[in-house]
Amino acid sequence: MGKLRLRKQTMWSDLPEYLMERILECLPVDCFFRFRAVCNTWNTLFSSQHFNSIARNSQPFLILCPSSTQMPSLLYSFFTHTWRTISLSFIPHECQCPINFRGSASGLLLADINANFCFGYSSPTLCVCNPLSQMYSLLPEMGSVSRIMAKAILPVGDKTNEYTVMVVGMSSTDRVLLEAYNSTTKAWKVAGTIPDVHIRNENMFFCKGSLFCVTASGGIMAYNVEQGITTIVSMPTVDAHNLWARLVCCKIGLVVVGAIEENHSLKGLIMWELVFHEMVKDYKWVEIGKMPNSVCEEFRRSSNSNWFDCVGVGDKICFRANESMLILVYDVSRASWNWLAKFCEDLRFVSMGWLPLQPMSNLKFC
Amino acid sequence: MVKECKVKLKSSDDKIFEVDYAVAIQSQILNNTLGHTGCTDSALPLHNVSSQILAKVIDYCEYHVNASSTISEKDVKMWDQEFVKHLDQATLLDLLMAAQYLGIHNLQELTCQTVADRIKDKRPEDIREIFNIQNDLTPEEEEEIRCENEWAFEEEVSP
């Protein structure tokens, strides 16, 4: 009679560390934060450089911020396809003054508060906050710019925890300046001058070393920060239609969303990436997607308003018609269109800012 | 050059399995071994893999031999999901260890992702139970972590 061999039951605790790590790497980034509470080892692991690097390079969340921090913001995770609330009430400001969230980079949001109702005449206070770590920092007044035209926050350096905020605005002598704030020196410094250009709105994006914004004449202004060179790029034309341009910044780079309107209603939508060609030292348009007619019709029906807003979140571009509770998402890498689950019925969210929010695993500062 | 020979594998509980060469070399370890020894009649001993698990591994490898060239990516994914769907925790763990031991990269990826998918919605206390992890955080330390990452512990909002 042969020996009875008992099969040893493998336990999860038998799993070698590196295999456990492999499993944890496959988790949605949301879990990187929640599972720190499991034990000391996991807390250290999820705070490590390795997991931070995964978090930094993963698909960002979408954050919806109402203009009063008394109301919670909404956070959408593309991993779990769910919404969460997150409070920004740690930022102090007068209830009557709206807070506008304008920029996002490396898990930090740039906002302006105390804008007062005389927008353009008084200098708003700029604020940088980290919603996930509930920290904020109020920036000191700029040295040279007295009227802000546009602003942006730049991504944190790879090795440092330093961030930069850039502002384009008018000096008291009517020159258009670029002023930069460094979080380490906690000071503003003039970083360049920009030829007299009328910027259409406050949205400015930093992408691949340059700042981009839409000019009043409907073109794109690209300012190479290091070289101090400004380039004006005209919008692409489509069948002699004029396109209403909106800029979004996403994973692949700067994208221009061109809405084709007819009789005050959206007829079509095309997206182009603005690519810089080193050889000719100029920008070229590369079409990256088009809204199919069926989707366009659904989008028109989602709201009575003709206006819409769009934002780049990682490799996705989100669209929302004004006064609509529905968000349409274009996945750039898959070239697919999808509607997000409706977020809420609360109409107070109807006019709000929305931005990508990169979960940075160990970014605790502000 | 596709070898026509058969390869014999012996599980830890002495069962013999015969597979095509192309199936066997999905395992990096076997690929290396066969590269040195060539096709022999003797069975290659796999001390760390039981017959129950080896059978499953072979199932996987047999499907994947042709998968990349003849079957669409979408269908392969669907097959993979079916393959892991009803596996219990213990089998999944054994499969992961076997995939790692044999150097079958895509099976290792699949099992890791499956485990991750099964635990992603769990609370920390559930995780400890599943993986038999001792909570070595003091109540204060745990509270601090929960506060610092409050948003991640928030209940999800549905419309």
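Residues numbered from 1 in each chain as written. Chains lettered and ligands numbered in written order. Predicted model: local features only at pLDDT ≥ 70, side-chain atom pairs only at ≥ 80, totals over all residues. Heavy atoms only, no water.

1. Quick look at the overall build of chain B
The criterion, for reference: Secondary structure elements are defined from DSSP: runs of H or I of at least 4 residues count as helices, runs of E of at least 2 residues count as strands, and each element is numbered from the N terminus. Relative accessibility under 20% of the residue-type maximum defines a buried residue, over 50% an exposed one, and the middle range a partly exposed one, all with a 1.4 Å probe and only protein chains included. Any two residues whose heavy atoms approach within 4.5 Å are treated as being in contact. For the area figures, the Shrake-Rupley method with a 1.4 Å probe applies, and any residue is considered shielded solely by the protein chains shown. Lys and Arg are tallied as positive, Asp and Glu as negative. Neither His nor the chain termini are counted. For this purpose, a charge sits on NZ of Lys, CZ of Arg, CG of Asp or CD of Glu.
Scanning chain B from terminus to terminus reveals nine helices and three strands. Each principal axis of the C-alpha atoms in chain B carries an extent, and together these give about 60 × 35 × 25 Å. Here chain B, with 159 residues, has 38% of them falling under the buried criterion. The long-range fraction of contacts in chain B, counting pairs at least 24 apart against all pairs at least 6 apart in sequence, stands at 58%. For chain B, the computed accessible surface area is about 9100 Å², with 48% contributed by carbon and sulfur atoms. Taking the 15 positively charged and 31 negatively charged side chains of chain B as two groups, their mean positions are separated by 9 Å.

2. Considering the nonpolar core
Among soluble globular proteins, nonpolar side chains are generally buried collectively. Definition in use: As used in this record, nonpolar core signifies buried Ala, Val, Leu, Ile, Met, Phe, Trp, Tyr and Cys residues forming a set joined through side-chain atoms within 4.5 Å.
Counting residues in each nonpolar core, the largest one holds 78 residues, and the members touching the most others are A:Leu27, A:Phe35, A:Trp42, A:Phe101, B:Leu9, B:Val57 and B:Phe131. For this core, the element with the highest residue contribution is helix α5 (residues 89-102) of chain B, accounting for seven residues. If we skip the residues at most four places from it in the chain, B:Phe131 touches A:Trp12, A:Ser13, A:Met20, A:Trp42, B:Val115 and B:Ile119. Within the second largest apolar cluster, 22 residues are counted, among which are A:Val255, A:Ile288, A:Ile317 and A:Phe319.

3. Examining the sheet that holds strand β4 (residues 100-105) of chain A
Across a sheet, strands are paired by hydrogen bonds formed along the backbone, either parallel or antiparallel in direction. Residues and elements named next belong to chain A. Note the following rule: Any two strands are treated as partners once DSSP identifies two or more bridges connecting them. To obtain each axis, a line is fitted to C-alpha atoms, and for helices this fit is confined to the stretch in contact; angles are then taken between N-to-C directions over 0 to 180 degrees.
Strand order in the open sheet formed by four strands is β4-β5-β6-β7, and the pairing between neighbours is antiparallel. Looking at the sheet topology across the chains shown, the edges are occupied by β4 and β7 (135-138). Strand after strand, the sheet turns through a mean of 25 degrees between neighbouring axes, direction not considered. Pairing geometry for strand β5 (residues 108-113) and strand β6 (residues 125-130), over five bridges, is antiparallel. Bridge pairing in β6 places Ile113 opposite Thr125.

4. So, the pairing of strand β16 (residues 244-250) of chain A
Within a regular strand, the side chains alternate between the two sheet faces. The buried fraction of β16(A) amounts to five of the seven residues, a majority that puts the element mostly inside the structure. Between β16(A) and strand β17 (residues 253-262) of chain A, which pair antiparallel one after the other, the connecting turn spans two residues.

5. Quick word on the packing of helix α1 (residues 17-25) of chain A against α5(B)
Heads up, the condition is: Comment on the angle field: the value is read as roughly parallel under 35 degrees, roughly antiparallel over 145, roughly perpendicular from 65 to 115, and oblique elsewhere. A clockwise turn of the near helix away from the far one marks a right-handed crossing, whereas an anticlockwise turn of less than a right angle marks a left-handed crossing. Ten residues, namely Ala, Val, Leu, Ile, Met, Phe, Trp, Tyr, Cys and Pro, are considered nonpolar, four, namely Asp, Glu, Lys and Arg, are considered charged, and the remaining ones, Gly among them, are considered polar.
Two elements in contact, α1(A) and α5(B), have axes whose closest approach is 12 Å; the angle formed by their N-to-C orientations is 110 degrees. Considering their axes alone, α1(A) and α5(B) lie roughly perpendicular with respect to each other. The handedness of the crossing between α1(A) and α5(B) comes out as right-handed. Contacts between α1(A) and α5(B) involve A:Tyr18, A:Leu19 and A:Ile23 on the former and, on the latter, B:Leu96, B:Met97 and B:Gln100. Of the residues in the contact of α1(A) with α5(B), the class split is five nonpolar, one polar and no charged.

6. Details of the pairing of strand β10 (residues 176-182) of chain A
Residues and elements named next belong to chain A. Counted residue by residue, β10 has six buried out of seven residues, so it is predominantly covered. Taken together, strand β9 (residues 164-171) and the strand that follows it, β10, pair antiparallel across an intervening segment of four residues, in which Asp174 is found at a positive phi of about 65 degrees. Both β10 and strand β11 (residues 187-193) contribute to a ladder of six bridges, which runs antiparallel. Within β11, the position partnered with Asn182 by the bridge is Ala187. Counted between consecutive antiparallel strands, the loop separating β10 from β11 contains four residues, among which Lys186 sits at a positive phi close to 55 degrees.

7. Thoughts on the packing of aromatic side chains
Definition in use: Each pair of aromatic rings taken from Phe, Tyr and Trp, with Trp reduced to its six-membered ring, is defined by centres within 6.5 Å and is described as stacked if the planes are under 30 degrees apart, edge-to-face if over 60, and tilted in the remaining cases. Any Lys NZ or Arg CZ found within 6 Å of a ring centre and within 35 degrees of that ring's normal is scored as a charge over the ring.
Considering all chains together, one arrives at 26 aromatic pairs over all chains under this definition. Centroid distance B:Tyr60 to B:Trp79: 6.2 Å. Interplanar angle 55 degrees. Geometry classified as tilted. One end of the pair, B:Tyr60, is in helix α3 (residues 51-70); the other, B:Trp79, is in helix α4 (residues 73-85), and 19 residues separate them in sequence. Residue classification places B:Trp79 among the partly exposed positions, given a relative accessible area of 25%. Three or more aromatic residues joined by ring pairs form one cluster here, namely A:Phe32, A:Phe35, A:Trp42, A:Phe46, A:Phe51 and B:Phe131. Geometry around A:Phe308 places A:Arg246 over its ring, the cationic atom sitting 3.9 Å from the centre.

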